[in-house]
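# Observations on the model geometry
One-letter residues, chain by chain:
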4 protein chains.
Amino acid sequence: MTLREIVQESDTKPGRAFDFTVLFLIVFSIITLTVETLPDLPPMAQSALRISEFVVTVLFTIEYGLRVATSTKKGSYVFSFYGVIDLVAILPFYLSLGIDLRALRAVRLLRVFRLFKLTRYTRAMERFGKAIVHAREEAMIFLFATFILLYLSSIGIYYFEHAAQPDTFQSVFHSMWWAVATLTTVGYGDVYPVTLGGKVFTFVVLMCGLGVVAVPAGLVAAALTKVLDDEER
Amino acid sequence: MTLREIVQESDTKPGRAFDFTVLFLIVFSIITLTVETLPDLPPMAQSALRISEFVVTVLFTIEYGLRVATSTKKGSYVFSFYGVIDLVAILPFYLSLGIDLRALRAVRLLRVFRLFKLTRYTRAMERFGKAIVHAREEAMIFLFATFILLYLSSIGIYYFEHAAQPDTFQSVFHSMWWAVATLTTVGYGDVYPVTLGGKVFTFVVLMCGLGVVAVPAGLVAAALTKVLDDEER
Amino acid sequence: MTLREIVQESDTKPGRAFDFTVLFLIVFSIITLTVETLPDLPPMAQSALRISEFVVTVLFTIEYGLRVATSTKKGSYVFSFYGVIDLVAILPFYLSLGIDLRALRAVRLLRVFRLFKLTRYTRAMERFGKAIVHAREEAMIFLFATFILLYLSSIGIYYFEHAAQPDTFQSVFHSMWWAVATLTTVGYGDVYPVTLGGKVFTFVVLMCGLGVVAVPAGLVAAALTKVLDDEER
Amino acid sequence: MTLREIVQESDTKPGRAFDFTVLFLIVFSIITLTVETLPDLPPMAQSALRISEFVVTVLFTIEYGLRVATSTKKGSYVFSFYGVIDLVAILPFYLSLGIDLRALRAVRLLRVFRLFKLTRYTRAMERFGKAIVHAREEAMIFLFATFILLYLSSIGIYYFEHAAQPDTFQSVFHSMWWAVATLTTVGYGDVYPVTLGGKVFTFVVLMCGLGVVAVPAGLVAAALTKVLDDEER
């Protein structure tokens, strides 16, 4: 059993142990990152967090070094998606850039799928992949329609509400915030029409918008049904 | 006809009468539990509720005793799901623990399905069961994606809104409340972004989040269609 | 051509004219009913509305008389769904009961389907009918689950929020309003949890609730797909 | 290669260049239109926007002239959908009508599909077309049901809430705003019931309304599945 097998693969026992250790460190560092944002932490907790961050970063650096050293072609890892993510996850600590990129560690969680290289999980992912390929063209048209709808809604509500609420609907850009909150049916309640025209317009936009929001569910359902059917045959 | 048949089964007339009595007691105790929480109840109503609670708990205790006595293997009932629920539903009264666990009686309502042991209801449940088996792997991936999405949204909105609204977005934990209310499109309106960055981020998150929320509907539809198709053949 | 054919059927030209006249009167009376609720109407408009209401009610009475007179078996119309609705729509005016039941005229709008006795519309209705038959058992289970979920949510939020917001979450009954607004994702924003426990509980409830809300869409989609497939064969 | 081929078709290189130039101008003019609504623009930016608008309108006029000149039958373009849109997009500038119809330029964006005359995109559009044909009858019934539901909800909430909130629920027309915000689950929170009757009524309306909102998703899913199935065969 070579070092390469342990670091790069998860077929052997030590290989799986290595993967689980990295996974644990990722989850641990995400939790500390979240706890760190809590206000009024006691000084002791702050010290503990700073030390644990140092330790985790060092371990991630060692892992990065091992991956670079054991990859068959150095470039293939360094310039791969995970290679870039791994680097971006440790760089901020060393550079102390002020900007905190450690949130990207969450993206590393996607590695969890590598550990579950079981047939069934792969099959489920493949199904989703096939469903997306089936629904790709429709999804693009839907996305385009969403943007057109958002823009036209913003223009429309701006003309109806600008005079009545000049602060809330200052410009078409400001109106887009209303369009987003309304078409997704979130409706925070910080921005809403007060004029008759604006209310009628909102109704019309919602009748169209709910249809657009309903389409992806339909697409995914249709495509998945198709893929499951194909598998059966 | 033995006592065992009356308590444990619902094929005979007395057996069904026993089941319906227990069902009525469950519904009755849930209603009294709910009425009890009403403020400014007259003293007479409070006394009536206290007496009815005593009577119901005694009856539930007798039922529990009968079930333990008539189960073929004692352990099989005591340590079963319903056995634990039945015990938990009567214990609080005797222990007067202060904490009120009677709400768990509602779970006992699930027993209603035992009474409707008709082919059609069983068939519908079986269909759901099969549909869940079909969609299980996809549902797990979806749940995992939801948690990742919730976490990344909380981190993102924290960085955008913490400076502008330090009270509302105190930490990443506090931001999660916003993420939950937004990604489910509930949008209470107690927490919402005010900065341009936060608003644009909300739009991006919603575009991804609505897709994730739409997936289970697609999965259930796809799986149920599949199951209904299989049945037909 | 007999009077019976004109009133009861819509195959002949006069029969269709009769149906369209009644339809027009229904729509007209609904509009006047709605306009009547507007505050600060000028006296002239109020008089016009009162006269038009008198005329419409007289015409509806004549229609009711004709339908009773021309029905093959008197009882069959008088005690039918539409017979009761037709009576209920004119009675309030004569009885001047104070309670205004004229809103029920809207139900008479369902008659519009009688006019469109074209194959295609009938076919679409039949498809829906078949889809509902297919999904009936699942829909009942879903409805039962919704009520259980609503009740458990209300109980849960009551225990978490009662101490912090005794006015809003006065009792389990008051908490149900929160449960309804949240599980349907309407989220008016008049009631929402403020404690940590209440917020975490809301998240859990929403994760379950969105699934329940998503089920009917899946059921309708699955059943309709099935029906459309059967038709094709 | 004739001028007609360049303007009307997109098979040749200059034809595609012409189409992309027009597309760029449309997007550019939409952006300037949106930027123009921003408050407190510096005078220089305002001048630049006014000049760019003049230039774009002149170019759109030239395009319109070319299209009229090169269309095989003049009338066929002038009175076509795009012909009218193109005229409406340039007229306001010349007429200085005060009303700004330039927002209609966004509709011209639909032309983008002409550029992507690839088989696959056409196929996706055709699928949608077929799906709509399949679901047309059901969709009409659904729309009719939505309006009936909206009206009955408005009438109902008016009777329940008018006395308690005479300002918000002034008339049935005012109540419709509540009905729209509630049945679409947007729930801005500016209008909501406060009486017990109104809250119970809201629950009943939402149970029916969510079903109606869920139907189109089911219809689209069912119809698309059907179309994809037919294609496969």
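The structure we're discussing is the one just above.
Below is a summary of the structure that appears in this document.

Quick notes on the rules
- Residues numbered from 1 in each chain as written.
- Chains lettered and ligands numbered in written order.
- Predicted model: local features only at pLDDT ≥ 70, side-chain atom pairs only at ≥ 80, totals over all residues.
- Heavy atoms only, no water.
- Helix = DSSP H or I, 4+ residues; strand = E, 2+ residues; numbered from the N terminus.
- Expected span 1.5 Å × (residues − 1).
- Buried < 20%, exposed > 50% of the residue type's maximum accessible area, 1.4 Å probe, protein only.
- Phe/Tyr/Trp six-rings, centres within 6.5 Å; stacked < 30°, edge-to-face > 60°.
- Axes fitted to C-alpha atoms, helices over the stretch in contact; angles between N-to-C directions.
- Left-handed = near helix turned anticlockwise from the far one by under 90°.
- Contact = heavy atoms within 4.5 Å.
- Nonpolar A, V, L, I, M, F, W, Y, C, P; charged D, E, K, R; others polar.
- Salt bridge = Lys/Arg side-chain N within 4 Å of Asp/Glu carboxyl O.

The end-to-end C-alpha distance of helix α3 (residues 43-70) of chain C is 41 Å, a good match for the 40 Å that 28 residues give at a rise of 1.5 Å each. The set of residues buried in α3(C) consists of L49(C), S52(C), E53(C), V56(C), T57(C), F60(C), E63(C), Y64(C), R67(C), V68(C) and T70(C).

Let's shift gears to the packing of aromatic side chains. Under the defined criterion, the tally for this structure stands at 19 aromatic pairs over all chains. Here the aromatic rings of F24(B) and F28(B) are separated by 6.1 Å at their centres, their planes lie at 20°, and the arrangement is stacked. Of the two residues, F24(B) and F28(B) both sit in helix α2 (residues 13-36), four residues apart, roughly one turn of that helix. Judged by relative accessible area, which is 32%, F28(B) ranks as partly exposed. Each ring, one from W177(B) and one from Y188(B), has its centre 5.9 Å from the other, and the planes form 20°; the classification is stacked. Pair noted here: W177(B) is in helix α9 (residues 172-183) and Y188(B) is in the loop between α9 and α10 (196-232), with a separation of eleven residues, a long-range link. Ring-pair connections join several aromatic residues into one group, and the members of that group are W177(A), Y188(A) and Y192(B).

All names here are of chain C. Remark: helix α2 (residues 13-36) packs on α3, axes separated minimally by 10 Å, with the N-to-C direction vectors making an angle of 145°. The element α2 and its partner α3 pack so that their crossing is left-handed. Taking contact as the criterion, the partners of F18, D19, V22, L25, I26, F28, S29, T32, V35 and E36 in α2 are, on α3, L49, S52, E53, V56, L59, F60, E63, L66 and R67. For the contact of α2 with α3, the residue count by class is eleven nonpolar, three polar and five charged.

In this section: the environment of T146(C). Examined against the element boundaries, T146(C) turns out to sit in helix α8 (residues 119-161). Between the C-alpha atoms of T146(C) and F28(C), which are 118 residues apart in sequence, the distance is 39 Å.

All right, on to the side chain of S175(B) then. By secondary structure assignment, the location of S175(B) is in helix α9. If we ignore the near neighbours within four places in the chain, the residues touching S175(B) are S154(B), I157(B), Y158(B) and F169(B).

So, on to the environment of F160(D). Residue and element names in this part refer to chain D. Locating F160 in the fold gives a position in helix α8 (residues 119-161). When the C-alpha positions of F160 and G198 are compared, they lie 5.2 Å apart, and in sequence the two are 38 residues distant. The residues contacting F160, other than those within four sequence positions of it, are T195, G197, G198 and F201.

For residues other than glycine, phi is negative in most cases, and the peptide bonds are mostly trans. The backbone of T185(C) shows a phi angle near 60°, a positive value even though the residue is not glycine. With respect to the secondary-structure elements, T185(C) resides in the loop between α9 (172-183) and α10 (196-232).

Moving on, we get to helix α2 (residues 13-36) of chain A. For α2(A), built from 24 residues, the straight-helix expectation of 34 Å at 1.5 Å per residue is met to within 8% by its first-to-last C-alpha distance of 34 Å. Of the positions making up α2(A), those classed as buried are G15(A), F18(A), D19(A), V22(A), L23(A), L25(A), I26(A), S29(A), I30(A), T32(A), L33(A) and T34(A).

A word on the pattern of salt bridges. Residues and elements named next belong to chain B. Per the counting criterion, the structure on display carries four salt bridges over all chains. We note a salt bridge from E63 to R67, for which the minimum N-O separation is 2.8 Å. Within this pair, E63 and its partner R67 are both found in helix α3 (residues 43-70), separated by four residues, close to a single helical turn.

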